[in-house]
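A closer look at the structure
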Amino acid sequence: MSKRGHFFGDLDVDVQFDVHVGAMTWFGIGGTADMLVHPRSEEALGALVERCSQSDTPLRIFGKGANLLVDDSGVDGVVLKLDHESFTRLRFNAEGEVDRVLAMSGADLFSTVNELARQGLDGFSQMAGIPGTIGGAIRMNAGGMNGSIGDCIESVTCLDETGQRLVYDGSQLDFRYRDSNLPEGLIVSAILRLEPVDPVKLREKVMEIFAYKKSTQPLSDQSAGCAFRNPVIGGERISAGRLIDEAGCKGMQVGGAEVSGQHANFITTGTDATATHVRALMEAVQSRVREHHGIDIEPEVVIWSRDDRSIT
Ligand SMILES: Cc1cc2nc3c(=O)[nH]c(=O)nc-3n(C[C@H](O)[C@H](O)[C@H](O)COP(=O)(O)OP(=O)(O)OC[C@H]3O[C@@H](n4cnc5c(N)ncnc54)[C@H](O)[C@@H]3O)c2cc1C
């Protein structure tokens, strides 16, 4: 067994080396991960997190890569993907209550929206049309004009960087715009607090939210959703897309990366794009918005590179 393979020895995990994780993101570009690891159980996951911590091995978590840019030079250490069935399921009647669902962090958002609609459980329809996993959505407090995932969180179970299991009750959590007070670490699962409703009406609501999203965002292009966070100006949160549009950035290009003509806060990538193009275009947009409005806009997209060693 290779030295790298030896690191995982007895653990119940699948390991791949030098995997093109950039291609697995929604941008579809960027470099490789030295090790992509798929744990097969919560026990294996805990042991792996602890082992990475003890050996000072960088650890990152890849959801669906819907809000992620992987640098062209790739990333070192371990990238975790929670795609084994132990991490992708939903369990209905959690805690013996019909309106509580346990969602594992690797569960897909599109499937979760559909399954909950089929079961006539509302409280999650605000997530219609948003790509990603439960874990990635909680980390980003993903959402939109109809609300965010934090609105239906009853509790979140995490692992800290030593592999210790911690449960946060919803009352301890403060979900804010694309952020929360949830400490750094790995999200394992969440209990969703939902409401039984008529499944037919709920399906219509989900379809409406999705149709609106499709009419306003370039959902069929390669992107990571909104590239920049909406800044707070004079106590009010304002649309970064509007600022970018008013600064005349629509259609700006660097290599194969382009500011979408449909939604100015989306950067889309073509076949010849690189992560370097996207980063350069983001900097050019930030400069132009600063010159035009005197306002700094910050990236919403998470950027992974070899120099940064955080757990997420
Ligand atoms: C076409 C398109 C439309 C979008 N529209 C919206 C929108 O309307 N609203 C919105 O908010 N977002 C939107 N996004 C962005 C994206 O869908 C969300 O941010 C989503 O939550 C990302 O989830 P993910 O699982 O893909 O996370 P990733 O992109 O894989 O990761 C994002 C971050 O979360 C961390 N993470 C992932 N899983 C875990 C875990 N289990 N534990 C701890 N950390 C974790 C990662 O390490 C990383 O830091 C859009 C993206 C696209 C491509």
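Here, residues in each chain are numbered from 1, in the same order as that chain's written sequence. This being a predicted model, a pLDDT of at least 70 is required before a residue's local features are given, and a value of 80 or more before pairs of side-chain atoms are given or counted; all residues contribute to the totals for chains, interfaces and linings. Note that the side-chain values use all heavy atoms of the structure and ignore hydrogens as well as water.

1. A short note on the site of the ligand
Rule in force here: Near, as used in this document, describes a residue that has one of its heavy atoms within 4 Å of the molecule or strand being considered. By the criterion applied in these results, polar contacts are pairs of N or O atoms within 3.5 Å in which, for protein atoms, one can donate a hydrogen and the other can accept it, and in which residues neighboring in sequence qualify only through two side-chain atoms. Where accessible areas are quoted, they stem from the Shrake-Rupley method and a 1.4 Å probe; at the residue level, only the protein chains shown are allowed to cover. A run of DSSP states H or I qualifies as a helix once it reaches four residues; a run of E qualifies as a strand once it reaches two. Both are numbered from the N-terminal end. Residue classes follow a fixed rule: Ala, Val, Leu, Ile, Met, Phe, Trp, Tyr, Cys and Pro count as nonpolar, while Asp, Glu, Lys and Arg count as charged, and any other residue, Gly among them, counts as polar. By convention here, the domain bounds are inherited from an automatic or database domain assignment.
Of all residues adjacent to the ligand, which total 34 residues, the nearest are Ile61, Gly63, Pro131, Thr133 and Gly143. Here an oxygen atom of the ligand sits 2.9 Å away from a polar atom, N or O, in the main chain of Ala66. The contact in question runs from an oxygen atom of the ligand to an N or O atom on the side chain of Thr133, over 2.6 Å. The protein chains hide 97% of the 970 Å² of surface that the ligand would expose on its own. Counting residues per element, the shell around the ligand draws most heavily on helix H4 (residues 134-140), at 5 residues. Taken together, the residues of the shell around the ligand sort by class into 16 nonpolar, 14 polar and 4 charged. There are two domains that each give the shell around the ligand at least three residues, and those are domain 1 (3-85) and domain 2 (88-216).

2. Here we look at the nonpolar core
This is how the line gets drawn: Residue types Ala, Val, Leu, Ile, Met, Phe, Trp, Tyr and Cys, when buried and joined through side-chain atoms within 4.5 Å, form a set referred to as a nonpolar core. Partly exposed describes any residue whose relative accessible area lies between the buried limit of under 20% and the exposed limit of over 50%, with all areas from a 1.4 Å probe on protein chains only and scaled to the type maximum.
Counting 32 residues, the largest nonpolar core has Phe124, Met127, Ile138, Ile153, Val156 and Leu192 as its most contacted members. If one sorts the elements of this core by residue count, helix H3 (residues 109-118) sits on top with 4 residues. Counting 27 residues, the second-largest nonpolar core is a separate cluster that includes Phe228, Ala240, Val259 and Ala273.

3. Considerations on the sheet that holds strand S7 (residues 100-104)
The criterion, for reference: The pairing criterion for strands is at least two bridges between them, as found by DSSP. Note on contacts: a residue pair qualifies if any of its non-hydrogen atoms lie within 4.5 Å across the two residues. Angles here are taken between N-to-C directions and fall from 0 to 180 degrees, while the axes themselves are lines fitted to C-alpha atoms, restricted in helices to the stretch in contact.
Spatially, the 5 strands line up as an open sheet ordered S6-S7-S15-S11-S12, and their pairing is antiparallel. The sheet terminates laterally at strand S6 (90-91) and strand S12 (165-169), the two strands that pair on one side only. Of the pairings in the sheet, the one linking S6 to S7 comprises 2 bridges and is antiparallel in character. Looking at the pairing, Arg91 lines up with Leu102 of S7. Seen against the sheet, helix H2 (residues 42-54) touches S7, strand S11 (153-159), S12 and strand S15 (186-193) and runs at an angle of roughly 135° to S15.

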